[in-house]
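Chains, contacts and geometry: an overview
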Amino acid sequence: MINTNSPSETAVATIARTASEIHQGLVGRRVTADDENPSGETQFEADLFADELLADRLSSVDGVAQYASEERAEIVDCGDGALAVAADPVDGTSNLPSNNTLGTVFGIYDAALPAPGTALVAAGYVLYGPITTMMVAREGAVTEYELAGGERTVVRDDVSIPDDPAVYGFGGRVPTWTDDFREFVRTIEMDEALGLEMHYSGAMINDINQVLTHGGVFAYPALEDSPEGKLRLQFEGNPIGYIIETAGGRSSDGSKSILEVEPTDLHDRVPLHVGNTELIERLEAALAADS
Ligand code: AHM
Ligand code: MG
């Protein structure tokens, strides 16, 4: 039974309410700002707006001591407490100009940041689709909610990744993939018995939600010119790895669970591969073949 008064659950409820404000605030903020984030990426006005809202709202949650995000260099000191919240305020910002799906990702750690995924007590995401949904993993189970006006209604109680994988989607440009990863992709695409269909959206949260709904695999792999890939360990990799593993799937940095990756810096990147166990095992075998 989840204790709805715990600091962690209060943080989850606060993020649900803040997501409603973020969603409404996207109107008029689909343009780039004059800033870059600590990863060197151009920020949109929506990124800055959502980040400020989350910092403000989470700072007033009892028990949350730190807030950090991929949109700011430094950790925000929120006062006393055992918890730290790491967030990607707007996932998939390149979908803003075309008005396609976006998300908000969060991890709640019971350790100071940067922390490994083994320190997560909860993680989740909000998907701003035709309707707004929220997926939350904690205490060994994943719950899907619909959000309306910041309030949550449970729609699926014990979400698990379907046994039979159906979809795949991989980020990065094909010419920049490693030879081993390209070969893995060709092999699963040509596997008629597997029968996968490509579903790639440009917003990780959308692709992850499809993997959780239909079964399959998502990756933003190591690239020839970016060996750590694109996605950030604290704000994206760990929360997604935790959600997928709680739902019965697997996460991998290429050779081990994402949750076992030791952070060295708040803004570390990590190659991310998640999905059905059999596919992640095939991927790890393919990446290990020549090494
Ligand atoms: P963002 O948080 O700046 O939007 O970056 C994360 C996004 C993911 O949603 C998506 O999988 C990936 O970046 C796509 O990157 P790219 O458009 O560079 O291929
Ligand atoms: Mg992001």
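Bear in mind the structure is a predicted one, so any value in this text is a computation, not a measurement. (Residues numbered from 1 in each chain as written. Chains lettered and ligands numbered in written order. Predicted model: local features only at pLDDT ≥ 70, side-chain atom pairs only at ≥ 80, totals over all residues.)

1. Concerning the overall build of the chain
Counting its regular elements, the chain contains six helices and 15 strands. Across its three principal axes, the chain shows a C-alpha extent of roughly 50 × 45 × 35 Å. Expressed as a percentage of its 291 residues, the buried residues of the chain come to 46%. Long-range pairs, those at least 24 residues apart, make up 61% of the contacts in the chain with a sequence separation of at least 6. (Helix = DSSP H or I, 4+ residues; strand = E, 2+ residues; numbered from the N terminus. Buried ≥ 20, exposed ≤ 12 C-beta atoms within 10 Å, placed from the backbone. Contact = placed C-beta atoms within 7 Å.)

2. Details of the UniProt feature "domain: Fructose-1-6-bisphosphatase class 1 C-terminal" (unreviewed entry) in the chain
If you check UniProt for "domain: Fructose-1-6-bisphosphatase class 1 C-terminal" (unreviewed entry), the listed places come out as residues 161-287 in our numbering. Here residues 161-287 is 37% helix and 14% strand, with 23 Å between the C-alpha atoms at its ends. (UniProt positions renumbered as here; feature names shortened; annotations may be inferred.)

3. What about the domain arrangement of the chain?
What the domain assignment lists for the chain is domain 1 (7-156) and domain 2 (167-288). Put simply, the middle of domain 1 and the middle of domain 2, counted by C-alpha atoms, are 21 Å apart. The partner domain 2 presents 28 residues to the 36 residues of domain 1 that form the contact. Elements with a minimum of two residues in the side of domain 1 that touches domain 2: β3 (64-69), β5 (83-91), β6 (102-109), β7 (120-128), β8 (132-138) and β9 (141-148). Residues that form the side of domain 1 that touches domain 2 fall into these classes: 20 nonpolar, 13 polar and three charged. (Domains from an automatic or database assignment. Nonpolar A, V, L, I, M, F, W, Y, C, P; charged D, E, K, R; others polar.)

4. Here's the deal with the nonpolar core
One finds Ala11, Leu58, Val64, Val85 and Ile108 to be the most contacted residues of the largest nonpolar core, which totals 81 residues. The biggest single contributor to this core is β7, with seven residues. Residue contributions to this core reach at least three from each of two domains, namely domain 1 (7-156) and domain 2 (167-288). With residues up to four places along the chain from it excluded, the contact list for alanine 11 reads Leu58, Val61, Val64, Leu83, Val85 and Ile108. (Core = buried A, V, L, I, M, F, W, Y, C linked by C-beta atoms within 7 Å.)

5. Topic: the sheet that holds strand β11 (residues 167-170)
The strands that make up a sheet pair up through hydrogen bonds in the backbone, lying either parallel or antiparallel. An order of β12-β11-β13-β15-β14 is seen for the five strands of this open sheet, with the pairing classed as mixed. A strand with exactly one partner marks an edge of an open sheet, and here the two such strands are β12 (197-198) and β14 (250-252). Bridge analysis of β14 against strand β15 (residues 272-275) gives three bridges, and the strand direction is antiparallel. Its bridge partner lying in β15, serine 252 is registered against histidine 273. Set on the sheet, helix α6 (residues 277-288) makes contact with β13 (216-220), β14 and β15; between it and β14 the angle comes to about 20 degrees. (Pairing = 2+ DSSP bridges. Axes fitted to C-alpha atoms, helices over the stretch in contact; angles between N-to-C directions.)

6. Some points on the confidence of the model for the chain
Overall, the prediction assigns the chain a mean pLDDT of 97, with 99% of residues at 70 or greater. The complex model carries a pTM of 0.97, and its ipTM stands at 0.95. (pLDDT = per-residue confidence, 0-100.)

7. Looking at the site of ligand 1
Not every one of the 13 residues close to ligand 1 is listed here, only the nearest: Gly92, Thr93, Gly171, Ala203 and Met204. The residue makeup of the shell around ligand 1, split by class, is three nonpolar, six polar and four charged. Here the shell around ligand 1 spans two domains, since at least three of its residues come from each of domain 1 (7-156) and domain 2 (167-288). (Near = placed C-beta within 6 Å.)

8. Some thoughts on the pairing of β5
With nine of its nine residues buried, β5 lies for the most part within the structure. As paired strands, β3 and β5 are joined by five bridges and run parallel to one another. Each residue of the ladder has a partner; that of alanine 68, found in β5, is alanine 86.

9. Considering the environment of valine 217
Structurally, valine 217 can be placed in strand β13. Overall, the presence of 27 C-beta atoms within 10 Å leaves valine 217 in the buried class. Spatially, the C-alpha atom of valine 217 lies 16 Å from that of serine 255, the residues being 38 residues apart in sequence. For valine 217, the residues in contact, after removing those within four places along its chain, are Pro165, Tyr168, Val211, Gly275, Asn276 and Leu279.

10. Side note on the sheet that holds β8
Read across the open sheet, the eight strands follow the order β4-β3-β5-β6-β7-β8-β9-β10; overall the sheet is mixed. Bordering the open sheet on either side are β4 (76-77) and β10 (151-156), each of which pairs with just one other strand. Helix α4 (residues 204-214) contacts β5, β6, β7 and β8 of the sheet and is inclined by roughly 105 degrees relative to β7.

11. Details of the UniProt feature "binding site: substrate" (unreviewed entry) in the chain
The feature "binding site: substrate" (unreviewed entry), as annotated in UniProt, sits at Tyr200 and Lys230 in this numbering. You can see tyrosine 200 is positioned in the loop between β12 and α4. When near neighbours in sequence (up to four residues on either side) are disregarded, tyrosine 200 contacts Gly169, Phe170 and Asp207. On the secondary structure map, lysine 230 appears in the loop between β13 and α5 (233-246).

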